[in-house]
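Report on the structure
Residues per chain are reported as follows:
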Amino acid sequence: MNNNENIIEIRNVSKKFGDKCILNNVSISVKKGEFLTLLGPSGCGKTTLLRILAGFGTADSGEILINGKDITNVPPHERPVNTVFQRYALFPHLDVYENIAFGLKLQKVPVDEIDRRVRKVLKMVSMTDYEDRDVDSLSGGQQQRVAIARAIVNQPQVLLLDEPLSALDLKMRKDMQIELKEMHKKLGITFIYVTHDQEEALTLSDTIVVIDDGDIKQIGTPTDIYNEPQNSFVADFIGESNILNGRMIKDRHVEFVGHEFECIDEGFGENTAVDVVVRPEDIYIMNKTEGAHLTAKVKSCTFKGVHYEMFVDTDKGYELMIQDYNAFEPESEVGLIIRPADIQVMHKERLCNTFEGELIAEDKVEFLDAEWECLPQQGLSVGEKVKVEVDFSKVDLIDHPEDGNIEGEVAFLLYKGDHYHLSIKTHGSYIWIDTNDIWDKGDLVGINIAPKDIKISKCDD
Amino acid sequence: MKRFFAQCYIWLLLIVLYAPIVFIAVFSFTESKVLGNWTGFSTKLYSNLFTGNMQGTGSLMMAIQNTILIALIAATVSTILGTIAAIGIHNMKGRTKQTITFLNNIPMLNPDIITGVSLFLLFVFLHISQGYLTVILAHITFCTPYVVLSVLPKLTQMNPNIYEAALDLGATPFQALRKVLLPLLKPGMISGFILAFTMSLDDFAVTFFTRGTIGLDTLSTYIYTDARKGGLTPELRPMITIMFLGILILLIIINLRKARAARNAVQ
């Protein structure tokens, strides 16, 4: 069997509900026998994508190939995939055996073969003595096992799993993760797994696709995704991390938290603004300050079971999270060391807010579907398309949405050591803001920008 | 003391509610031609009713036969129509769904006389000669909303992925309907059928206006005509009693089914 063969090709799939974009030009290739996880926060579009794969939803554009065959318009019952649903979706009027045999009976498989196959999968999910039980009399975990058995008994080429463990308690979930992984090995078929639980994704997957707001943020192996996140969303979503503004001084030299560090990244150019990620377990913390890269004062120390989690204030006023097996007393002075290989440098996704706009009067400009006052513009004519730039720190957020020039919702927060970087969603587009104030995800805010902070220039094209 | 009055009130209400039917039931066991005269205990009216030894037996039997036939056909057809409609309504969204549910409720609240007269006018307007067909059509019309109302809750209670799970396992949409959806909706459909059946049995006004002039009688129109022709035929008293008991038993069955379903849901 050729192991590099792609069993599924998702090509440029887009989907909208109303004017809300759920999937934005998503392309993924899945290898035969791979365990691929679609990971993202709730509402990011991962379940929609899975439903499109199963045939319950249709894409607005793009195509889906299984084994090189276009199945974009094939109805669900003719697709070589089977689904394990989030809330099991067992048939309550049938017992365990009949639930599992449902698909085989439809295919007119001979009775003795049905019997053999049902017993085999029941054994596989360790439910051998339950075949005559009513499905409603089973516990959540048992129902989930029946749901998995019902799907794999049909020997699909691809098994789709929609957050199958989310309704189970923690202990049960851990056990089922191990069983799923073993089942995947034993069956040798392709698993496509949807979850919002990053730990689950790291444990189970061969490949993780991180999705946010309908966009693929990164595709990679669990170690790639964890150790080398490509953007601040992935760094923040997977595991704990310190994400900081930094500056690439030259190759292998980066500056952040007010200090210069050696790193192993090259090719960012000189004096380039970058984002820097340091995992909390990668910062070495010690009592003596000689030989340390920087010094800090411990602010808090919490026992987390295996390790202690500490927040420290560095000498230049940045807050860092550190995990270590040893506890350090709050208020104590400590030295910190960060090794070059533990510093992950990422390109900044943007340096300031940039919008396309139109000058509608000498001192009025339209962008983000609203009119803004700006300083009188010279050299630009009214009605001209213009490029509008606003610094992250020059945008004002107001508690009462109706007091702002436009309204928005806090969609994503990132703590950058000494300030918050917020993504505010407004009318389907985003505006990014640096602030010291504390906001929560989902807060509705008003947005104002002072006329002098709106920089207008000619359109590039 | 307070308890005593509360008890009295309940009993008074029940007496007022059930006095007429008890009255008829009691006087079904005497031979007197005039309702209200007790001439000693007798089951003669019952035996007359069953042996056909009474005036107008033929047309009474015909009326009973019509009533049951019409109720069966109307209940069956409206169960099918109502179930399909309920599935459709369930799959609608937002405003449309609200509107259709509201429109479904109106015929149930509409006075029978209005339904009857408007159907009568409609049939006249469409030049449909009135008789069996129009009565059955009319009964289907007012029975269907009740079926919709008893099937809809079953759909809302159902896990929304169940139908999709059937498709996923290789069932065509029709197979998924037959093997998964219908068995799960069956309790609602049976309740709906019984409800439609009793509504049809019970109906007077709509039948009266849509039966035309071919002499089609159902029980209710027969009794009405009979009572206007110089007093109720005495044999109708035992018949009313039997009918009341029949409906009572049906209601008890429905309630028992509901109680059992509720118990299962709790478990």
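Residues numbered from 1 in each chain as written. Chains lettered and ligands numbered in written order. Predicted model: local features only at pLDDT ≥ 70, side-chain atom pairs only at ≥ 80, totals over all residues. Heavy atoms only, no water.

What follows is about the nonpolar core. Core analysis: the largest hydrophobic core is formed by 66 residues, its most contacted members being I8(A), I28(A), L38(A), F91(A), F102(A) and I192(A). For this core, the element with the most residues is helix 8 (residues 173-202) of chain B, which contributes 9 residues. (Core = buried A, V, L, I, M, F, W, Y, C linked by side-chain atoms within 4.5 Å. Buried < 20%, exposed > 50% of the residue type's maximum accessible area, 1.4 Å probe, protein only. Helix = DSSP H or I, 4+ residues; strand = E, 2+ residues; numbered from the N terminus.)

Right, let's talk about the interface of chain B and chain A for a bit. As a measure of interface size, the accessible area lost when the parts come together is often cited. Counting from both sides, the interface comprises 19 residues of chain B and, opposite them, 20 residues of chain A. Summed over both partners, the interface of chain B with chain A buries about 1800 Å², with 64% contributed by carbon and sulfur atoms. Interface area lost by chain B to chain A is led by E164(B), D168(B) and L169(B), which between them contribute 37%. Residue R51(A) pairs with E164(B) through a salt bridge whose shortest N-O separation is 2.6 Å. On inspection of chain B and its partner chain A, the count reaches 5 residue pairs in polar contact (both at pLDDT 80 or more). (Contact = heavy atoms within 4.5 Å. Buried area = accessible area lost by both parts, 1.4 Å probe. Salt bridge = Lys/Arg side-chain N within 4 Å of Asp/Glu carboxyl O. Polar contact = N/O pair within 3.5 Å; in protein donor to acceptor, adjacent residues only side chain to side chain.)

On to the domain arrangement of chain A, then. For chain A, the assigned domains read domain 1 (3-232), domain 2 (240-347) and domain 3 (353-458). Using only C-alpha atoms to locate each centre, domain 1 of chain A and domain 3 of chain A end up separated by 41 Å. (Domains from an automatic or database assignment.)

Residues and elements named next belong to chain B. Counted under the stated rule, the structure contains 1 cavity of 30 Å³ or more. Lining the largest cavity are T67, I70, A71, H139, S200, L201, D203, T207, T218, L219 and S220. Elements with a minimum of two residues in the lining of the largest cavity: helix 3 (57-91), helix 8 and helix 10 (219-228). Per-element tally for the lining of the largest cavity: the top contributor is helix 3, with 3 residues. Split into classes, the residues belonging to the lining of the largest cavity amount to 4 nonpolar, 6 polar and 1 charged. (1 Å grid on protein atoms, 1.4 Å probe; cavity = no way out; pocket = protein on both sides within 12 Å on 5 of 7 lines; lining within 4 Å. Points joined across faces, edges and corners; volume = space filled by probe spheres on them. Nonpolar A, V, L, I, M, F, W, Y, C, P; charged D, E, K, R; others polar.)

Residues and elements named next belong to chain A. In space, the 5 strands of this open sheet follow the order 25-29-26-27-28, with antiparallel pairing throughout. Strands at the two margins of the open sheet, each flanked by one partner only, are strand 25 (395-398) and strand 28 (429-435). Ignoring which end each strand starts from, the neighbouring axes of this sheet average 45 degrees apart. With 4 bridges connecting them, strand 26 (residues 406-415) and strand 29 (residues 444-449) associate as antiparallel partners. If you follow E407 over to strand 29, its bridge partner there is G446. (Pairing = 2+ DSSP bridges. Axes fitted to C-alpha atoms, helices over the stretch in contact; angles between N-to-C directions.)

The next point concerns the pattern of salt bridges. All told, the structure shown has 25 salt bridges over all chains when counted by the stated rule. The salt bridge partner of K174(A) is E199(A), with a shortest N-O separation of 2.7 Å. Of the two residues, K174(A) sits in helix 5 (residues 170-187) while E199(A) sits in helix 6 (residues 198-204), which places them 25 residues apart along the sequence. Classification of K174(A) by relative accessible area gives partly exposed; the value is 33%. Residue D217(B) pairs with R211(B) through a salt bridge whose shortest N-O separation is 2.8 Å. Of the residues examined, R211(B) reaches a relative accessible area of 15% and is grouped as buried. Taken together, the shared-partner salt bridges connect E113(A), R116(A) and R117(A) into one network.

Let's shift gears to the pairing of strand 18 (residues 319-324) of chain A. Residue and element names in this part refer to chain A. Of all the 6 residues making up strand 18, 6 are buried; the element is thus mostly covered by neighbouring parts of the structure. Of the two faces of strand 18, both are covered, the one formed by E319, M321 and Q323 as well as the one formed by L320, I322 and D324. The pairing of strand 17 (residues 308-314) with strand 18 spans 6 bridges and is classified as antiparallel. Among the inter-strand pairings, Y308 is bridged to a residue of strand 18, identified as D324.

Another aspect to go through is the packing of aromatic side chains. Here the structure, examined in full by the defined rule, presents 24 aromatic pairs over all chains. Where F23(B) meets F27(B), the ring centres are 4.9 Å apart and the plane angle is 50 degrees; that geometry is what we call tilted. Of this pair, F23(B) and F27(B) are both found in helix 1 (residues 2-27), 4 residues apart, which corresponds to roughly one turn of the helix. The structure contains a cluster of three or more aromatic residues connected by ring pairs, namely F120(B), F204(B), F208(B), F209(B) and Y224(B). A cation over an aromatic ring shows up here: R150(A) above the ring of F91(A), its NZ or CZ 4.7 Å from the ring centre. Over the aromatic face of Y226(A) sits the side chain of R279(A), whose NZ or CZ is 4.0 Å from the ring centroid. (Phe/Tyr/Trp six-rings, centres within 6.5 Å; stacked < 30°, edge-to-face > 60°. Lys NZ or Arg CZ within 6 Å of the ring centre and 35° of its normal.)

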